[in-house]
Amino acid sequence: MKEDRVNRASPLFHLAAADSTNLAAKRFAEGGQRLPFAVLADSQSAGRGRRGRPFYSPGDSGLYFTYALASPADRSPGQITCAAAVAAVDAVMTCYGIRISIKWINDLLYRQKKIGGILTEQTGSRLFIGIGINLWTAGFPDDLKETAGSLLKARPSEDRRLILARTLMEALDRRLHDEPVETMREYRQSLFHLNRLILVRSGTLEGSWILTRNIDEFGRLVAETEDGTLHILEDGDVSLSGKDAL
Ligand code: BTN
């Protein structure tokens, strides 16, 4: 394991392999590591997404990263996930000049394919923000390649992944301390499906086609159903099309 300090307060622990960087970060915290800190792994054997879904994390192909911090008292879980998504958009723009977009609430998209996501978990007063980004999917199985996009045309070097991780730490620090109103404005601007018809795949309204009218200040989706009624969704999965998982 290598340790790299972005600044004196926030070490970045770089592991060659992890089961999941969220789990590794929890173990570091339980072992007494002071918050905040970050964990980066070159691969994960048990990378996870929301609802216990696996997150495919082969060696040297993506960014597998967790930021551990004291839970901010002044942010709702939805606002934290939205701030992390905006930080990922910022960091990818800074490092690669590529504008990615967001699918509510935690998916990162590029060219209409999922390139990553965010898994935020809370344990007591500690918060673990896991971020996975596919940088290069050449070796992905064919079925995954249909829905998983990637950002780069060549395998990312260790240096490039480290630079992205450090940039992401800085972006997270900034976005988690920004006025939530400002971060939510940026979130809406990066949202792929504002005023577009999408399918609700789970949660309340499951199976309905809705128009995304807004994301409110707490990160909830304001949905309009066919009869013109407005609903507020706290949680759930939405899909850009009826055909695939995206
Ligand atoms: C999702 O697609 O629902 C979220 C995926 C989050 C994946 C990242 S990779 C780093 C961190 N460790 C994990 O096990 N999950 C997150």
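Below: a short report on this structure. These numbers come from a predicted model, not from an experiment.

The next subject is the overall build of the chain. Counting its secondary structure elements, the chain contains 5 helices and 13 strands. When its C-alpha atoms are laid out on the principal axes, the chain stretches across 55 × 45 × 30 Å. Expressed as a percentage of contacts within the chain between residues at least 6 apart in sequence, the contacts between residues at least 24 apart total 62%. Just so you have it, the chain exposes about 11400 Å², and 49% of that area is on carbon and sulfur atoms. Of the charged side chains in the chain, 32 are positive and 31 negative; the average position of the first set lies 3 Å away from that of the second.

Attention now goes to helix α2 (residues 77-96). The terminal C-alpha atoms of α2, which comprises 20 residues, lie 28 Å apart, in line with the 28 Å expected from a rise of 1.5 Å per residue. Taken across its 20 residues, α2 has 16 buried, putting it largely inside the fold. At the C-terminal side of α2, G97 shows a positive phi close to 65°.

Our focus in this paragraph is the nonpolar core. Within the largest apolar cluster, 57 residues are counted, with the highest numbers of intra-cluster contacts made by F65, I129, L151, L172 and Y187. Here the element with the most residues in this core is α2; it accounts for 12 residues. Excluding residues that lie within four positions of it along the chain, Y187 makes contacts with C82, A85, V86, I102, W104, I105 and I215. Within the second largest apolar cluster, 11 residues are counted, among which are F13, L15, F37 and F128.

Here the focus is the side chain of S20. Tracing the backbone through its elements, the reader meets S20 in the loop between β2 (10-15) and α1 (21-30). On the accessibility criterion, S20 (3% relative accessible area) is buried. Separated by 3.2 Å, the side chain of S20 and the backbone nitrogen of N22 make a polar contact.

Bridge analysis of strand β11 (residues 221-224) against strand β12 (residues 230-233) gives 4 bridges, and the strand direction is antiparallel. Residue pairing for β12: E224 is matched across the bridge by L230.

Another aspect to go through is the packing of α2 against helix α5 (residues 180-190). Two numbers describe how α2 lies on α5: the axes approach to 9 Å, and their chain directions differ by 60°. Taken together, the axes of α2 and α5 lie oblique to each other. Once α2 is placed against α5, the crossing between them reads as left-handed. Residues Q79, C82, A83, A85, V86 and V89 of α2 pack against P180, T183, M184, E186, Y187 and S190 of α5. For the contact of α2 with α5, the class distribution of residues is 8 nonpolar, 3 polar and 1 charged.

Okay, the environment of R174 next. Locating R174 in the fold gives a position in helix α4 (residues 158-177). For the pair formed by R174 and A83, sequence separation is 91 residues and the distance between their alpha carbons is 9.2 Å.

Time to look at the sheet that holds strand β13 (residues 238-239). Read across the sheet, 5 strands follow the order β12-β11-β10-β9-β13 without closing on themselves; strand pairing throughout is antiparallel. Only two strands of the sheet have a single neighbouring strand rather than two, namely β12 and β13. Relative to β13, strand β9 (residues 197-200) runs antiparallel, the two being bridged by 2 bridges. Across the sheet, residue L199 finds its bridge partner in β13, namely S239.

Criteria and cut-off values
Residues numbered from 1 in each chain as written. Predicted model: local features only at pLDDT ≥ 70, side-chain atom pairs only at ≥ 80, totals over all residues. Heavy atoms only, no water. Helix = DSSP H or I, 4+ residues; strand = E, 2+ residues; numbered from the N terminus. Contact = heavy atoms within 4.5 Å. Areas by Shrake-Rupley, 256 points an atom, 1.4 Å probe, with all protein chains shown as cover. Lys, Arg positive; Asp, Glu negative; His and termini not counted. Charge placed at Lys NZ, Arg CZ, Asp CG, Glu CD. Expected span 1.5 Å × (residues − 1). Buried < 20%, exposed > 50% of the residue type's maximum accessible area, 1.4 Å probe, protein only. Core = buried A, V, L, I, M, F, W, Y, C linked by side-chain atoms within 4.5 Å. Polar contact = N/O pair within 3.5 Å; in protein donor to acceptor, adjacent residues only side chain to side chain. Pairing = 2+ DSSP bridges. Axes fitted to C-alpha atoms, helices over the stretch in contact; angles between N-to-C directions. Parallel < 35°, antiparallel > 145°, perpendicular 65-115°, else oblique. Left-handed = near helix turned anticlockwise from the far one by under 90°. Nonpolar A, V, L, I, M, F, W, Y, C, P; charged D, E, K, R; others polar.

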